[in-house]
Amino acid sequence: MENFIEEVVLSNEEIVRICEKIGKQITEDYQNKNPLLVGLLKGSVPFMAELMKHIKCDMEIDFMEVSSYAGVNSTGAVTILKDVKADIRGRDIILVEDIVDTGLTIQEVINFLGSRGARSIEIATLLDKPAGRTVKCQIPKYIGLEIEPKFVVGFGLDYNQKYRNLPYVGVLKRWVYEK
């Protein structure tokens, strides 16, 4: 599987350090607030699992599953496949995402949750790809690494549901998705 990777963007050790840093920021920002971390399935799972280890304040978790990609391209439409179970009225929400790219998915989720009475909504993302934005969206408050417009996989990020289990983030070789 690893012969499909052109370069490693973030090693596992770097990811852990990022999670420690973001976890510390969240801990400071949310003392005595009990935020609800909402992971966007499926890609956020490894990042959220590592991040939670480093948050030292009360918190709860929930998940949403949304879809806007087919292969390497955004479909331009966001579909909510699984909604949160928690009542979010008056809650401080931290959306946990593997990557903010086009901005479409994250902004649609923010609009959806905001309409249901969340007190605040912030974004924690492992990767931010601002050059990929196709819509105006809320800027993530907690960013692990800003990356160039390359197609990355690993640590939750996928190509057609593959490569999520890599313990690092790497650039997928073009020939894999251009076949």
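Sequence order as written defines the numbering, with residues in each chain counted from 1. Under the rules for a predicted model, residues below a pLDDT of 70 receive no local features and side-chain atom pairs below 80 are neither given nor counted, while totals for whole chains, interfaces and linings still include all residues. The side-chain numbers reported here are obtained from all heavy atoms of the structure, hydrogens and water having been left aside.

### Some remarks on the nonpolar core
Nonpolar side chains tend toward joint burial in soluble globular proteins.
Turning to step 1, where the next piece is worked out: Only buried residues count toward a nonpolar core, which is a set of Ala, Val, Leu, Ile, Met, Phe, Trp, Tyr and Cys residues joined through side-chain atoms within 4.5 Å. Each residue's exposure class comes from its accessible area (1.4 Å probe, protein chains only) as a fraction of the maximum for that residue type: buried when under 20%, exposed when over 50%, partly exposed otherwise. Ranked by size, the top nonpolar core spans 26 residues in total, and within it Ile26, Phe47, Leu51, Leu126, Leu127, Val152 and Val169 carry the most contacts.
Turning to step 2, where the next piece is worked out: Counting from the N terminus, the helices are DSSP H or I runs at least four residues long and the strands are E runs at least two residues long. Breaking this core down by element, the ones donating at least two residues are α1 (12-29), α2 (45-52), β5 (92-100), β6 (120-128) and β9 (169-172).
Turning to step 3, where the next piece is worked out: Looking at which element gives the most residues to this core, the answer is α1, with five residues.
Turning to step 4, where the next piece is worked out: Among the nonpolar cores identified, the runner-up in size contains 18 residues, and Met64, Ile110, Ile121 and Cys137 belong to it.

### Details of unusual backbone geometry
Turning to step 1, where the next piece is worked out: Cis geometry marks the peptide bond from Leu41 to Lys42, where omega comes out at 5 degrees.
Turning to step 2, where the next piece is worked out: Tracing the backbone through its elements, the reader meets Lys42 in the loop between β2 (36-41) and α2.
Turning to step 3, where the next piece is worked out: Although it is not a glycine, Gln161 sits at a positive phi angle of roughly 75 degrees.
Turning to step 4, where the next piece is worked out: Tracing the backbone through its elements, the reader meets Gln161 in the loop between β8 (152-153) and β9.
Turning to step 5, where the next piece is worked out: Here Gln161 falls in the partly exposed class, since its relative accessible area comes to 47%.
Turning to step 6, where the next piece is worked out: The residue Tyr163 is not glycine, and still its phi comes out positive at about 80 degrees.
Turning to step 7, where the next piece is worked out: Among the secondary structure elements, Tyr163 is positioned in the loop between β8 and β9.
Turning to step 8, where the next piece is worked out: Tyr163 gets classed as buried once you look at its relative accessible area, which sits at 8%.

### Quick notes on the side chain of Asp98
Turning to step 1, where the next piece is worked out: In this structure, Asp98 sits in strand β5.
Turning to step 2, where the next piece is worked out: It turns out Asp98 is buried and unbridged, and the closest side chain with the opposite charge, Arg164, is 4.9 Å from it. Under the convention used here, Asp and Glu are negative, Lys and Arg are positive, and both His and the chain ends fall outside the count. Each salt bridge in this description consists of a side-chain nitrogen of Lys or Arg and a carboxyl oxygen of Asp or Glu lying within 4 Å of one another.

### Remarks on the pattern of salt bridges
Turning to step 1, where the next piece is worked out: Counted according to the given criterion, the structure contains 12 salt bridges.
Turning to step 2, where the next piece is worked out: For the salt bridge of Asp83 with Arg116, the shortest nitrogen-to-oxygen distance reads 2.9 Å. Taken together, the positions of Asp83 in the loop between β4 (73-82) and β5 and Arg116 in the loop between α3 (104-114) and β6 put the pair 33 residues apart, joining distant regions of the chain.
Turning to step 3, where the next piece is worked out: Asp83 gets classed as partly exposed once you look at its relative accessible area, which sits at 29%.
Turning to step 4, where the next piece is worked out: A salt bridge links Glu178 to Arg174, with the shortest nitrogen-to-oxygen separation between them at 3.0 Å.

### Observations concerning the packing of aromatic side chains
Turning to step 1, where the next piece is worked out: Side-chain rings of Phe, Tyr and Trp (the six-membered ring for Trp) are treated as a pair once their centres are within 6.5 Å; stacked means planes under 30 degrees apart, edge-to-face means over 60, and tilted covers the remaining angles. Applying the stated criterion across every chain yields a total of five aromatic pairs.
Turning to step 2, where the next piece is worked out: Aromatic side chains Phe151 and Tyr177 sit 5.4 Å apart centroid to centroid with 55 degrees between the ring planes, which places their arrangement in the tilted category. Placement of the pair is Phe151 in the loop between β7 (142-146) and β8 and Tyr177 in helix α4 (residues 174-177), with a sequence separation of 26 residues.
Turning to step 3, where the next piece is worked out: Aromatic ring contacts, followed pair by pair, group Phe4, Tyr163 and Trp175 into a single cluster.
Turning to step 4, where the next piece is worked out: The criterion is that NZ of a Lys, or CZ of an Arg, lies within 6 Å of the ring centre and within 35 degrees of the ring normal, and then a charge sits over that ring. Above the face of the Tyr30 ring, Lys33 is positioned so that its terminal group lies 5.8 Å from the ring centre.

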